[in-house]
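Structural features, examined
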Amino acid sequence: MRTNIMVLPGDGIGPEVTAEGVKALLAVGRRFKHDFALQEDIVGGASIDKFGVALRPETLERCRQCDAVLFGAIGGPKWDNPAALVRPEDAILGLRKGLRLYANLRPVKVAPFLVDAGPLKAETVRGVDIVVIRELTGGIYFGKPKRRWRTAAGRRAVDTLRYTEQEVARVVRVGFDLARLRRKKLTSVDKANVMESSRLWREVTNEVAKEYPDVALEHMLVDACAMHLIRRPADFDVIVTENLFGDILTDEASVLAGSMGMLPSASLGAGVRRGRRMGLYEPIHGSAPDIAGQGKANPIAMVLSMAMMLRLSFGLENEAACVERAVTRVLEQGYRTADIANEGAPVLTTTAMGDRIAEAIGSV
Ligand code: IPM
Ligand code: MG
């Protein structure tokens, strides 16, 4: 299979982890005889420095011509000025919107040998296997008006949370479809006791639910969900929610897995070309400027994002499963990066971890 993949390393630890994702991808190509054609471009702060914008139109266009995008991370203190007119985040927001990637899948699965890695009790996180589906091109991130202005009485600002029923229905369907393939339970998260947009969300979700009588649907308020996620996380199967709620809940959920450095994500739209579903794949962690360039970053989230790409964009199930087995094997053998290592245990650098995984892909 020949596939065109756009690689966008970005800023901070983005380039370091992306290099390991690509290393693992090439190992898959060698083992399964695939020809992955890779292109690379500059986005985020690096692009602001070079071109004055976080995402150039030609970069977006090149991504559109590809079958999938592998994205590292963007941002850093250098570009953090709140008064700045261009921000690194424009790159990822522009890609999501520009490529119409409305469903963001964030799986949170706790590996048995990492139940002690995080701050929560092992018995709370054991067996956790959740997929959060975050709506990604609507809601308060993109609603208009969105602006700041001055009045005689002082400064004001507005963001707008708006949804159409079509936007809700299509992402909720992704949730039902996925729940059907799993434990058949969908939790729709909203704030319907306060917000009109949430009341529409709930109404549309109930309508779509009629097409899925085999899936158990529950509605949960976002504040309660934040609590239950750390109190009884193993009870969740698939969660579907609004853009900002999903942003917040997935950072919270990442704590369950012991480290953000373990969690991949996939952003999917409706577009299918040449039998392939266009998607953007990125670790859920950010650019971690505090550890950038030190070889401390955990490349596993990126490697697992690459596995999601193989499965969801290219339908390469065996290859994806092989990458996931390789990661499990390396962890079973006791190899750890700093973020998941027990105190005093030996720690691998980003590249050393990537080497172990690439080796394992050749043999598991
Ligand atoms: C995420 C990030 C982004 C978001 C930022 C970098 C714009 O937090 O992917 O979760 O808010 O969506
Ligand atoms: Mg976030």
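Structural notes, computed from the coordinates. Every residue gets a number counted from 1 within its own chain, in the order that chain's sequence is written. As a convention, the first chain written is A and the first ligand written is 1, with the rest following in written order. Only residues with pLDDT of at least 70 are given local features in this predicted model, and only at 80 or more are side-chain atom pairs given and counted; all residues enter the totals for whole chains, interfaces and linings. To obtain the side-chain values, all non-hydrogen atoms of the structure were included, while hydrogens and water were left out.

**Notes on the overall build of the protein chain**
For the purposes of this entry, the term helix denotes a DSSP run of H or I that reaches at least four residues, the term strand denotes a run of E that reaches at least two, and both are numbered from the N terminus. Tallying secondary structure elements over the protein chain gives 12 helices and 12 strands in all. Against the globule reference of 21 Å for 364 residues, the protein chain gives a C-alpha radius of gyration of 20 Å, in line with a compact fold. For the protein chain, the spread of C-alpha atoms along the principal axes amounts to about 60 × 50 × 45 Å. Think of it in three bands: residues with accessible area under 20% of the maximum for their type are buried, residues over 50% are exposed, and the middle band is partly exposed, with areas taken using a 1.4 Å probe on protein chains only. Buried residues in the protein chain amount to 52% of all 364 residues. Two residues form a contact once any of their heavy atoms are found within 4.5 Å. For the protein chain, the share of sequence-separated contacts (at least 6 apart) that also reach a separation of at least 24 residues comes to 75%. As used throughout, the charge tally considers Lys and Arg to be positive and Asp and Glu to be negative, leaving His and the chain termini uncounted. Taken as the charge centre is NZ of Lys, CZ of Arg, CG of Asp or CD of Glu, depending on the residue. With 50 positive and 45 negative side-chain charges, the protein chain shows a separation of 2 Å between the mean positions of the two kinds. C-alpha atoms define the radius of gyration, and 2.2 Å times the number of residues to the power 0.38 defines the globule rule.

**Notes on the pattern of salt bridges**
Within this document, salt bridges are pairs made up of a side-chain nitrogen of Lys or Arg and a carboxyl oxygen of Asp or Glu, the two lying within 4 Å of each other. Here the structure, examined in full by the defined rule, presents 25 salt bridges. The salt bridge involving Arg62 is made with Asp41; its shortest N-O contact spans 3.1 Å. Remark: Asp41 occurs in the loop between strand 2 (35-40) and helix 2 (45-51) and Arg62 occurs in helix 3 (residues 57-65); sequence separation between them is 21 residues. Assessed through its relative accessible area of 32%, Arg62 is described here as partly exposed. Judged by its relative accessible area of 8%, Asp41 is buried. Arg199 serves as the salt-bridge partner of Glu196, at 2.9 Å between the closest nitrogen and oxygen. Separated by 3 residues within a single helix, Glu196 and Arg199 lie in helix 7 (residues 196-209), roughly one turn from each other. Given a relative accessible area of 56%, Glu196 falls into the exposed group.

**Here's the deal with the pairing of strand 3 (residues 68-73)**
The buried fraction of strand 3 is high, at 6 of 6 residues. Here a strand pair is declared whenever DSSP counts at least two bridges between the two strands. Both strand 1 (residues 2-10) and strand 3 contribute to a ladder of 5 bridges, which runs parallel. Looking at the pairing, Ile5 lines up with Ala68 of strand 3. Relative to strand 12 (residues 276-281), strand 3 runs parallel, the two sharing 3 bridges. When the bridges of strand 12 are listed, Leu70 appears paired with Tyr281.

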